[in-house]
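Architecture at a glance
Listed below are the residues making up each chain.
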Amino acid sequence: MQKLKKIVAEFYQRYEGDPILVQSPGRVNLIGEHTDYNDGFVLPAAIDKHIFLALAENESNRGRFYAIDPGETFEADISGQLSKSGKGWPDYLLGVVDQLRRHGYDPGGFDCVFGGNIPIGAGLSSSAALEGGMLFGLSRLFEWEIPPVEMAKMAQKAENDFVGVQCGIMDQFVSLNGKKDHAMKLDCRSLEYEFYPLKRRDIHIVLCDTRIRRELASSEYNVRRSQCEEGVRILQQHEPGINSLREVSPELLNRHGQKMDPVVFKRCTYILEENKRVQDACRDLEENDIHAFGQRMYASHTGLRDQYEVSCAELDILVDAARTIDGVLGARMMGGGFGGCTINLVEDRYLDSFKERISQRYQKITGQPIAIYQAKISAGTQLVDLPKAKTDKEL
Ligand code: GAF
């Protein structure tokens, strides 16, 4: 709430008019990692950590932005050809404007102040929250009816084409369309989704942040994508109808696997198994078998570590520790990998002892502290009311 008030106060200090306020969440992913760009299944949820954006029209042709956290401004003519800012954060916003214009939505000038409480680089999708928040906010400001699925596709495209990260659609999709107290099973091929209730007082979602941010993550991400594509190309020589690993059965993969580089075969095997794990994990939820669900989270981590090779020593230390600590139902690395967070399902009565023990264990082995966040499953991107007081003093 403090952050929200600060954003509004900054807006009134810098710009004119009354802004609309958008709240856009980060996400966790319970299971289904690296499956989204393989047309597969994922099971993410939006969380109670947000980016907030205050937005108002300014009757010019300029987009004027202020990012609270670095305390930086950026301004650009948004009526002509848009180019990269060379500064980092403005590209997420300019990329969204660029996508909107490509789809025939032409925003006039506007002012924007934003900030939030999603830890940056922790794998909680602060960038997707920013892109989705910007898109949603502009659609409300300029009164465009853009279907939610289209918004998610545009936000993903903004990141792919303008920021230059070849991410899949999971993060933008769930940030925009998540539902309070529910996980979303998303079919990344059809973009159909269904919600699974996940409100349990006796279980918490706890994120353990290694605080490791590795540059390598985005280059290795692209390598994994192309290895999967190579696997598909080889299989297509035998089954021309296949478009993605989603359509490949284990029998088909095993039949032609020896024609692949062994590394490519390993990557493809992981994707097939992880897709099945998501389906099975959803069945566990239907049957209220949270213990079986937790075991699949561990199996997902093992696959990410040994077959997909996107984990790192620090994430493995946290998952290995979680396996031996009382009250942990399941744990795995989360997101692209090579750093960031593990996600842990922890029983309520063990919550405090878990936090203490995992912190101690990690510190003892690595000499470094971890950060711990608890996440509650929240709604997707939405408008929120403007706090009543307007000026900095009143706020
Ligand atoms: C990152 C990407 F942005 C997602 O699209 C997804 O591929 C994820 O890594 C791995 O599951 O968060």
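Each value, and the rule that gives it
- Residues numbered from 1 in each chain as written.
- Predicted model: local features only at pLDDT ≥ 70, side-chain atom pairs only at ≥ 80, totals over all residues.
- Helix = DSSP H or I, 4+ residues; strand = E, 2+ residues; numbered from the N terminus.
- Buried ≥ 20, exposed ≤ 12 C-beta atoms within 10 Å, placed from the backbone.
- Contact = placed C-beta atoms within 7 Å.
- Pairing = 2+ DSSP bridges.
- Axes fitted to C-alpha atoms, helices over the stretch in contact; angles between N-to-C directions.
- UniProt positions renumbered as here; feature names shortened; annotations may be inferred.
- Near = placed C-beta within 6 Å.
- Nonpolar A, V, L, I, M, F, W, Y, C, P; charged D, E, K, R; others polar.
- Expected span 1.5 Å × (residues − 1).
- Core = buried A, V, L, I, M, F, W, Y, C linked by C-beta atoms within 7 Å.
- Domains from an automatic or database assignment.

For the protein chain, the count of helices and strands is 11 helices and 12 strands. Principal-axis analysis of the C-alpha atoms gives the protein chain an extent of 65 × 55 × 40 Å. Among the 395 residues that make up the protein chain, the fraction classed as buried is 46%. Within the protein chain, counting contacts between residues at least 6 apart in sequence, those at least 24 apart form 72% of the total.

Right, let's talk about the sheet that holds strand S11 (residues 371-375) for a bit. Reading across the sheet, the 4 strands line up as S9-S10-S8-S11 and stay open at both edges, with antiparallel pairing between neighbours. The open sheet has two edge strands with one neighbour each: strand S9 (328-333) and S11. For this sheet the average axis-to-axis angle between neighbouring strands, irrespective of direction, equals 20°. Note: strand S8 (residues 203-209) against strand S10 (residues 341-347), 7 bridges, orientation antiparallel. Following the sheet pairing, cysteine 208 is matched in S10 by threonine 342. Across the sheet, helix H9 (residues 290-306) lies against S8, S9 and S10, angled at about 25° from S9, the strand it touches most. Seen against the sheet, helix H11 (residues 351-366) touches S8, S9, S10 and S11 and runs at an angle of roughly 15° to S8.

UniProt tags Ser127 and Glu159 as "binding site: Mg(2+)" (unreviewed entry). Across 33 residues of sequence, these annotated residues stay compact in space, with a maximum C-alpha separation of 8.4 Å. Considering the arrangement of structural elements, one finds serine 127 in helix H3 (residues 126-141). A residue is classified by how many C-beta atoms lie within 10 Å of it, and serine 127, with 26 of them, is buried. Once you skip the residues sitting within four places of it in the chain, serine 127 turns out to touch Tyr92 and Glu159. Within the element layout of this structure, glutamate 159 appears in helix H4 (residues 148-163). Taking the C-beta count within 10 Å as the criterion, glutamate 159 has 25 such neighbours and is therefore assigned buried. Discounting residues that sit within four places of it in the chain, glutamate 159 has contacts with Gly95, Ser127, Glu131, Val165 and Cys167.

This part is about the site of the ligand. Surrounding the ligand, one finds Glu33, His34, Asp36, Tyr37, Cys167, Gly168, Met170, Asp171, Gly335 and Gly336. Tallied by class, the residues present in the shell around the ligand amount to 3 nonpolar, 4 polar and 3 charged.

At glutamate 143, a residue that is not glycine, the phi angle is positive and equals roughly 55°. Along the polypeptide, glutamate 143 turns up in the loop between H3 and H4. According to the C-beta neighbour criterion, glutamate 143 is exposed, with 6 such atoms within 10 Å.

Bringing helix H2 (residues 90-102) into the picture now. Its 13 residues place the ends of H2 18 Å apart at the C-alpha level, agreeing with the 18 Å of an ideal helix rising 1.5 Å per residue. Taken across its 13 residues, H2 has 10 buried, putting it largely inside the fold. Residues of H2 that are buried in the fold lie against strand S3 (62-67), strand S4 (72-77), H3 and H4. Of the residues trailing H2, glycine 104 is marked for its positive phi of about 85°.

For the rest of this paragraph, the subject is the UniProt feature "site: Transition state stabilizer" (unreviewed entry) in the protein chain. The residues that UniProt annotates with the feature "site: Transition state stabilizer" (unreviewed entry) are Arg27. With respect to the helices, strands and loops of the structure, arginine 27 is situated in strand S1 (residues 20-31). Classification of arginine 27 by C-beta neighbours within 10 Å gives buried; the count is 31. Ignoring sequence-local partners within four residues, the contact set of arginine 27 consists of Pro44, Ala45, Ala46, Ile47, Leu124, Ser125, Asp171, Val174 and Ser175.

This part is about the nonpolar core. Grouped together as the largest cluster of nonpolar side chains are 107 residues, with contacts concentrated most on Ala45, Leu53, Ala54 and Ala155. For this core, the element with the most residues is strand S2 (residues 41-57), which contributes 11 residues. Mapping this core onto the domain boundaries places at least three of its residues in each of domain 1 (2-197 + 378-384) and domain 2 (204-375). The residues contacting alanine 45, other than those within four sequence positions of it, are Arg27, Val28, Leu30, Val174, Gly178, His182, Ala183, Met184, Leu198 and Ile377.

Turning our eyes to something else, we now look at the domain arrangement of the protein chain. Under the domain assignment used here, the protein chain contains domain 1 (2-197 + 378-384) and domain 2 (204-375). A C-alpha centroid distance of 26 Å is found between domain 1 and domain 2. Each partner contributes to the interface: domain 1 provides 28 residues, whereas domain 2 provides 33 residues. Residue assignment for the side of domain 1 that touches domain 2 shows that the elements contributing at least two residues are S1 and S2. In terms of residue class, the side of domain 1 that touches domain 2 is made up of 13 nonpolar, 9 polar and 6 charged.

Attention now goes to the environment of threonine 73. Following the sequence through the fold, threonine 73 ends up in strand S4. Looking at threonine 73, the number of C-beta atoms within 10 Å reads 12, which means it is exposed. Note: C-alpha distance between threonine 73 and cysteine 112 (39 residues apart in sequence) is 9.8 Å. In contact with threonine 73, not counting residues within four places along its chain, are Phe65 and Tyr66.

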